[in-house]
Amino acid sequence: MNIMDFNVKKLAADAGTFLSRAVQFTEEKLGQAEKTELDAHLENLLSKAECTKIWTEKIMKQTEVLLQPNPNARIEEFVYEKLDRKAPSRINNPELLGQYMIDAGTEFGPGTAYGNALIKCGETQKRIGTADRELIQTSALNFLTPLRNFIEGDYKTIAKERKLLQNKRLDLDAAKTRLKKAKAAETRASIWAEEVTKSEQELRITQSEFDRQAEITRLLLEGISSTHAHHLRCLNDFVEAQMTYYAQCYQYMLDLQKQLGSFPSNYHSNNNQTAVAPVPSASSNVICSSALTSTSSLVITSPSNLTDLKECGGSRRARVLYDYDAANSTELSLLADEVITVFSVVGMDSDWLMGERGNQKGRVPITYLELLN
């Protein structure tokens, strides 16, 4: 029975406190009651904490989007995290692309130029996928986890203490209001003297509790500077992880480019590994044509007009059939449909002519040209 009486009294006291705070808050909003202002330093700390929380959330969420663009996958990872279970490992996009390329190259034939190139590209994509997985794991551990710990841990504690401070401030101002009313009534009736004494005592208690809570809140808020320093170290770790990832990807693609560069730069036949030139539409003025010399390979032969050009040593105008990027400084880059001047040089390989465009000169592949009349 005594315990029940105690619980009822406590409930009544809590209800009275809540009502008092509600009345004080409403009167402040209506401008009918005074409000104790926090000191400027504490206000700045509160503003800094709120700003840190807002931007930390934005950076954290956008980093998650960067590392995992698939929203469904992010939701799945979130659910598993809340269930305290490890999310199942799934193949990522570069790995999936790599597997498709390898499967295609295997079906086309590893002995063909295209099939071989697909397999090499697929293996590189898989290595990029592995590097991508490592970036996500490292970033989650060294960058996202500390940010999340701040939002779900430190800042929640700050928000809790801040709410307590707000309640203590409302209690203090309510006590001030009651004391003010009691003193005003005391001047009219001496029976209010006891109420004034009671209100003064309540004011001293609420002031003490408010000051104590303000100090607790201030100490927590001053830890935001340490949080910034910690997040700076985490940011450096994130940058280092990205730098490692992009350096790996660059090296992988550089190696792949060298491997692909070992293939002839012109078109390849899928039925053999001998390079053949792009075959233009049949016409009498095409510089070269393909002739079948055996059952296993194709060889480029020169038409009569090209032979005449080489023998006479003169120059002719030619239209470019396809874009061509020069492999080195001795060659001339070409753009499809442009017209250049070409001529033969003694001792030059039969598959090449010397091209001239204004003041620019360089070797050009004959398979990319069409002589003009």
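Provided above is the structure to which this section pertains.
How each quantity is defined
- Residues numbered from 1 in each chain as written.
- Predicted model: local features only at pLDDT ≥ 70, side-chain atom pairs only at ≥ 80, totals over all residues.
- Heavy atoms only, no water.
- Helix = DSSP H or I, 4+ residues; strand = E, 2+ residues; numbered from the N terminus.
- Polar contact = N/O pair within 3.5 Å; in protein donor to acceptor, adjacent residues only side chain to side chain.
- Core = buried A, V, L, I, M, F, W, Y, C linked by side-chain atoms within 4.5 Å.
- Buried < 20%, exposed > 50% of the residue type's maximum accessible area, 1.4 Å probe, protein only.
- Contact = heavy atoms within 4.5 Å.
- Phe/Tyr/Trp six-rings, centres within 6.5 Å; stacked < 30°, edge-to-face > 60°.
- Lys NZ or Arg CZ within 6 Å of the ring centre and 35° of its normal.
- Salt bridge = Lys/Arg side-chain N within 4 Å of Asp/Glu carboxyl O.
- Pairing = 2+ DSSP bridges.
- Axes fitted to C-alpha atoms, helices over the stretch in contact; angles between N-to-C directions.
- Parallel < 35°, antiparallel > 145°, perpendicular 65-115°, else oblique.
- Left-handed = near helix turned anticlockwise from the far one by under 90°.
- Nonpolar A, V, L, I, M, F, W, Y, C, P; charged D, E, K, R; others polar.

Checked against the element boundaries, serine 225 lands in helix 7 (residues 224-261). The spacing of serine 225 and lysine 48 is 177 residues in sequence and 9.3 Å in space, taken between C-alpha atoms. Side chain to side chain, serine 225 and lysine 48 meet in a polar contact 3.1 Å long.

So, about the nonpolar core. Proteins that are soluble and globular tend to have nonpolar side chains buried together. Core analysis: the largest hydrophobic core is formed by 20 residues, its most contacted members being Leu38, Leu42, Leu165 and Leu221. Those elements that provide at least two residues to this core are helix 2 (40-67), helix 5 (113-186) and helix 6 (193-222). Counting residues per element, this core draws most heavily on helix 5, at 9 residues. Excluding residues within four positions of it along the chain, leucine 42 makes contact with Leu165, Ala214, Arg218 and Leu221. In terms of nonpolar packing, the next biggest core, distinct from the first, is built from 16 residues, Leu332, Ile340, Leu353 and Leu369 among them.

The subject of this paragraph is the packing of aromatic side chains. Under the criterion given, the structure shown has 7 aromatic pairs. Where tyrosine 245 meets tyrosine 246, the ring centres are 5.1 Å apart and the plane angle is 65 degrees; that geometry is what we call edge-to-face. Judged by centre distance (5.2 Å) and plane angle (65 degrees), the rings of tyrosine 324 and tyrosine 368 are edge-to-face. One end of the pair, tyrosine 324, is in the loop between strand 3 (315-320) and strand 4 (339-343); the other, tyrosine 368, is in the loop between strand 6 (360-365) and strand 7 (369-371), and 44 residues separate them in sequence. Cluster of aromatic residues (ring-pair linked, three or more members): Tyr322, Tyr324, Trp352 and Tyr368. Here the basic side chain of arginine 127 rests over the ring of tyrosine 252, its NZ or CZ set 5.6 Å away from the ring centre. Positioned above the aromatic ring of tryptophan 352, the side-chain terminus of arginine 363 is 4.3 Å from the ring centre.

What follows covers the pattern of salt bridges. For the structure shown, the criterion picks out 14 salt bridges. Linking glutamate 202 and arginine 178 is a salt bridge whose minimum nitrogen-to-oxygen distance equals 2.1 Å. Taken together, the residues span a long stretch of sequence, with glutamate 202 in helix 6 and arginine 178 in helix 5 at a distance of 24 residues. You can call glutamate 202 partly exposed: its relative accessible area is 27%. Residues glutamate 331 and arginine 363 are paired through a salt bridge, measuring 3.6 Å at the closest nitrogen-oxygen approach. A residue pair is termed long-range when its members are at least 10 positions apart, and glutamate 331 in the loop between strand 3 and strand 4 and arginine 363 in strand 6 qualify at 32 residues. Judged by its relative accessible area of 10%, glutamate 331 falls in the buried class. Overall, arginine 363 belongs to the partly exposed group, its relative accessible area being 24%. One network of salt bridges, with partners in common, ties together Glu215, Arg218 and Glu222.

Turning our attention to the sheet that holds strand 4. Taken in spatial order, the 5 strands make up an open sheet running 6-5-4-3-7, and their pairing is antiparallel. Edge positions in the sheet fall to strand 6 and strand 7, since each has one partner strand and no second. The average angle at which neighbouring strand axes cross in this sheet is 45 degrees, direction not considered. Here strand 3 runs beside strand 7; their pairing, made up of 3 bridges, is antiparallel. For arginine 319, the partnering residue across the bridge sits in strand 7 and is glutamate 370.

What follows is about the packing of helix 2 against helix 7. Between helix 2 and helix 7, the least distance of the axes is 12 Å, while the angle of their chain directions is 15 degrees. One way to sum up the angle between helix 2 and helix 7 is to call them roughly parallel. In this structure, the crossing between helix 2 and helix 7 has a hand that is left-handed. Residue-level contacts link Lys48, Ala49, Thr52, Thr56, Thr63 and Leu66 of helix 2 to Ile224, Ser225, His228, His231, Phe238 and Gln242 of helix 7. The residue makeup of the contact of helix 2 with helix 7, split by class, is 4 nonpolar, 7 polar and 1 charged.

Time to look at unusual backbone geometry. Of note in the backbone geometry, aspartate 337 takes a positive phi value of approximately 80 degrees without being a glycine. As for its position among the elements, aspartate 337 is in the loop between strand 3 and strand 4. Using a relative accessible area of 54% as the deciding quantity, one classes aspartate 337 as exposed.

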